Every structure is written in structure tokens, then in C-alpha cells.
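# Summary of the model geometry
Each chain, written out:
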Amino acid sequence: MFKRAFLFFIAVLTPLLFVFGVTYKVGTEASFPPFEYVENGQFVGFDIDLIREIGKLKGFNVEVIDISFDSLIPSLTTGNIDIIAAGMTITEDRQKVVDFTIPYYSGDQSILVRKDSDFDITVLFGNHKIGVQTGTTGDLWVTEHLSDKNIIPKKNITRYDTFNFAVRDLVNKNIDAIVLDNPVSERFTKTDPVKIVGIIKTEESYGMAVKKGNKELLNLLNSGIQELQKNGKLDELIEKYFK
Ligand code: GLN
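Residues numbered from 1 in each chain as written. Predicted model: local features only at pLDDT ≥ 70, side-chain atom pairs only at ≥ 80, totals over all residues. Heavy atoms only, no water.

As for its position among the elements, Tyr104 is in the loop between β6 (98-100) and β7 (105-114). In this structure the C-alpha to C-alpha distance between Tyr104 and Met208, which are 104 residues apart in sequence, comes to 8.5 Å. Leave out the neighbours within four places in its chain, and Tyr104 touches Phe46, Asp47, Leu50, Gly87, Tyr206, Gly207, Met208, Ile225, Leu234 and Ile238. (Helix = DSSP H or I, 4+ residues; strand = E, 2+ residues; numbered from the N terminus. Contact = heavy atoms within 4.5 Å.)

Here it is as C-alpha cells:
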């Protein structure tokens, strides 16, 4: 009797668990192409594919939640989301409050200006207007190296919730430059009348994040990333989104 009940559990409920399985809430900020963006009303991009592939390997479903970048870590801490997949740079300060996976890609900061402008890297001096996304490593770099040192007046820095608004303001001449991750600015040069005039060698590594101490989920994600590195799928996704 017990044996039959046990077999029932194994035979019927285990596959069901897989079908209905756990769903992880994955927080992102979907104005960061090609990492994450909206296409035909769907969340798509490198991070989105990556977390779904890990889900396929490890048997979990993914619900993507789009929130402002500077709300991602607080949302993870309070448990509103389970995972951050947002082209997020692994930094020492963030490591104090969340746990990061192994790195899965890397990049630098870059200086984006209007295509028809004569700006070069000197756009980062004087009275120019600079845009960043709130709470990003670009924001930190501009704050630390430009506005805190009065190289650019504080009032000339505009902080945006989404890069879509920042690029729109750049194209409309409301600002002169944006400082953001170079894989993303490269993508914007293909979709908008903008160009890159400089790379700031910050040598950043991107990782996904989980709540501090959530070892189980962290190990699951790390093992997923490693499998995708070994079976060539990660390279395939890099080829698909960054080449
Ligand atoms: N990589 C940058 C950071 O972590 C920007 C990420 C983003 O804007 N989505 O701050």
C-alpha cells in the first residue's frame, strides 16, 4: 500500500512538478538592448534567453518583471523577485548586499553622442550635459570622476530611469552625451542616430544576483551557466545578440 503510494508520487507527481514546477521571478530593466528589451510586446534579449535556458536545464519557469534599475537590489532584498538578470556589473559594494553568480559576459563604459555632432571625448569636460541611468556603474563613474570633482557641474548630470528616455533626450539635443555600457551603446548605434566617441576601460563583469545567502539558487544558476559554457549554448547566445 505504502509502496504503491510512493510509486504514485514518483511516477505521477514528479513529472507534474516539472511541468508546473517552480516559477522564479526574474527582475530586469528592459531598456538595455541587447541584454533586455521589449520587442512586439515581449521581453527579449541575451539575459532573458540565458535565464530561460538555465530554467530548461534545471527545471524552473521564468516570470520576467520589469523594474527600474535602482529598484532591482531592494526588490531582491525584500523578496519581491528571486533573481536579477539585468546586465548587472559585479561590484564590491553590491556584493555586500546580494550574491552574484559567476560572470557570464564583460564590458566597459562608453561615451555616446549624436551622430551628427562634432563631440569627442572632451564632451566630458566643461559645461556639457551628461545623461546616465540611475544607480548604474555609468552613474557611479560620472559622479565620482566628473561631478564630484567639478569637472562637470552637478546640475548638468541628468539621471534617467530608462535608457530609452536617455537616448531620446540625446537625439533631441536635450543632453550632449550618455555614459553607458559599451555592448549597449554599440546596439544603440544600429537603431538610433548616435555614435560612440570613447571607451572608458572599467573592465566590468556581468553576473546574475540572488538574495544574500540563497546558496541553493546560486548553485543552481552557477551550474546552469557552467553547463551552457560547456555545451556551447552561451557562445551561441553571444553570437546571436552581440555580433
Ligand atoms: N552594467 C551596469 C551596472 O551594473 C548597467 C546595467 C543596466 O543599466 N542594466 O550598473
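Mapped onto this structure's residue numbering, the UniProt feature "domain: Ionotropic glutamate receptor C-terminal" (unreviewed entry) falls at residues 23-243. For residues 23-243, the end-to-end C-alpha separation is 31 Å, with 37% helix and 29% strand making up the annotated structure. (UniProt positions renumbered as here; feature names shortened; annotations may be inferred.)

Our focus in this paragraph is the confidence of the model for the chain. Taken residue by residue, the chain gives an average pLDDT of 95. The fraction at 70 or more is 92%. Predicted confidence in the chain is weakest over helix α1 (residues 2-20), with a mean pLDDT of 62, and strongest over strand β5 (residues 83-84), with 99. (pLDDT = per-residue confidence, 0-100.)

Moving on: the environment of Trp141. By the element assignment, Trp141 lies in helix α5 (residues 137-147). In sequence terms Trp141 and Gln109 are 32 residues apart; their C-alpha atoms lie 8.7 Å from each other. Trp141 has contacts with Leu124, Leu146, Ile200 and Thr202, leaving out every residue within four places of it along the chain.

Strand order across the open sheet formed by 5 strands is β4-β1-β5-β12-β6, with mixed pairing between neighbours. Either end of the sheet is taken by a strand with one partner, and the two such strands are β4 (60-66) and β6. Running at roughly 155° to β4, helix α2 (residues 46-58) makes contact with β1 (22-28), β4 and β5 of the sheet. Running at roughly 165° to strand β12 (residues 209-211), helix α8 (residues 215-230) makes contact with β1, β4, β5, β6 and β12 of the sheet. (Pairing = 2+ DSSP bridges. Axes fitted to C-alpha atoms, helices over the stretch in contact; angles between N-to-C directions.)

We now examine the site of the ligand. If you check the shell around the ligand, you find 13 residues, and the closest are Thr89, Arg94, Gln133, Thr137 and Asp181. Residue Gly87 places a main-chain N or O atom 2.8 Å away from a nitrogen atom belonging to the ligand. Between the ligand and Thr137, the relevant distance is 2.7 Å, taken from an oxygen atom to a main-chain nitrogen or oxygen of the residue. Coverage of the ligand by the protein amounts to 100% of the 290 Å² it exposes when considered alone. Broken down by class, the residue content of the shell around the ligand amounts to 6 nonpolar, 5 polar and 2 charged. (Near = heavy atom within 4 Å. Polar contact = N/O pair within 3.5 Å; in protein donor to acceptor, adjacent residues only side chain to side chain. Areas by Shrake-Rupley, 256 points an atom, 1.4 Å probe, with all protein chains shown as cover. Nonpolar A, V, L, I, M, F, W, Y, C, P; charged D, E, K, R; others polar.)

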